[in-house]
Structure formats: structure tokens, C-alpha cells
Amino acid sequence: MSDVRLEWISKRAYAIWEEAGRPHGQDAEHWEQAARERDEFERVALAEDPKPASAKKPLIEISKKAQTKKSEAKPKKKADASAEKPVAAKAVAKAKSAKGAANSKPI
């Protein structure tokens, strides 16, 4: 069993135990109930979507040749630091640096 599945069953069994009023000695029944719920959950999830989204056929087929041309046509841009900050952020940063310069004392 996977770690994720075991963790889910463990947490669900704990919740069942709490809902039942925290009885002593029924841990095996709670664990089995949680395992059955997980099995049902997985069965329903697999029945609803038998094909993963990546396996579905795309609406338009793009040839390998066109895909390589598309990737070569895009030049990589360097990040422009001035374009990243909005104008208001620049003004705040400028005001902070000016305030810091005014408050600094020469040694």
C-alpha cells in the first residue's frame, strides 16, 4: 500500500473512532471500515474518468516539424527589472531610500 493511502485510511479510521464516541477495543473494525471507504472512493474515481486528461486526443494535431519551428521562433527574453514593479511600488521604494539616506548619520 502506498503511504498516501495508508495515511488516508489512518485519518479516516481515527475520525470514525471519534464519531463513535472513542470506544475502546474497536480499532480493527474502524480500520476495516475506513479501508472499505477508500476502496469505494478509488473505484468511483476510476469509473468516472477512465482516461487521464493527458491521454485524450487533442482537437488539432500539430506536426512535429511545426512544433520545432514554434519553439525555435520564440527568442528568450531577459527579465526587465523595471517592468516588474508597478509604478506605485517604485515610488514607495524611492521614498524609503530617500528617507533612509536622510536619517543616516555620518560617522
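Every value quoted in this text rests on a predicted model; they were computed, and no experiment measured them.

1. What about the confidence of the model for the protein chain?
Here comes step 1: Of all residues in the protein chain, 47% attain a pLDDT of 70 or more, and the chain-wide mean is 75.
Here comes step 2: The secondary structure element of the protein chain with the lowest average pLDDT is helix H4 (residues 81-84), at 54, and the one with the highest is helix H1 (residues 3-19), at 93.

2. With respect to the packing of aromatic side chains
Here comes step 1: This model, assessed by the stated rule, comprises two aromatic pairs.
Here comes step 2: Judged by centre distance (6.4 Å) and plane angle (10°), the rings of Trp8 and Phe41 are stacked. Residue Trp8 is found in helix H1, and its partner Phe41 is found in helix H2 (residues 27-48); the two are separated by 33 residues along the sequence.
Here comes step 3: Look at Phe41 and you get partly exposed, because its relative accessible area is 48%.

3. Focus: the nonpolar core
Here comes step 1: Within the largest apolar cluster, five residues are counted, these being Ile9, Ala13, Ile16, Ala34 and Ala35.
Here comes step 2: At the level of secondary structure, the elements contributing two or more residues to this core comprise H1 and H2.
Here comes step 3: At three residues, H1 tops the list of elements feeding residues into this core.
Here comes step 4: Setting aside residues no more than four positions away along its own chain, Ile9 makes contact with Met1, Trp31, Ala34, Ala35 and Arg38.

About the thresholds
Residues numbered from 1 in each chain as written. Predicted model: local features only at pLDDT ≥ 70, side-chain atom pairs only at ≥ 80, totals over all residues. Heavy atoms only, no water. pLDDT = per-residue confidence, 0-100. Helix = DSSP H or I, 4+ residues; strand = E, 2+ residues; numbered from the N terminus. Phe/Tyr/Trp six-rings, centres within 6.5 Å; stacked < 30°, edge-to-face > 60°. Buried < 20%, exposed > 50% of the residue type's maximum accessible area, 1.4 Å probe, protein only. Core = buried A, V, L, I, M, F, W, Y, C linked by side-chain atoms within 4.5 Å. Contact = heavy atoms within 4.5 Å.

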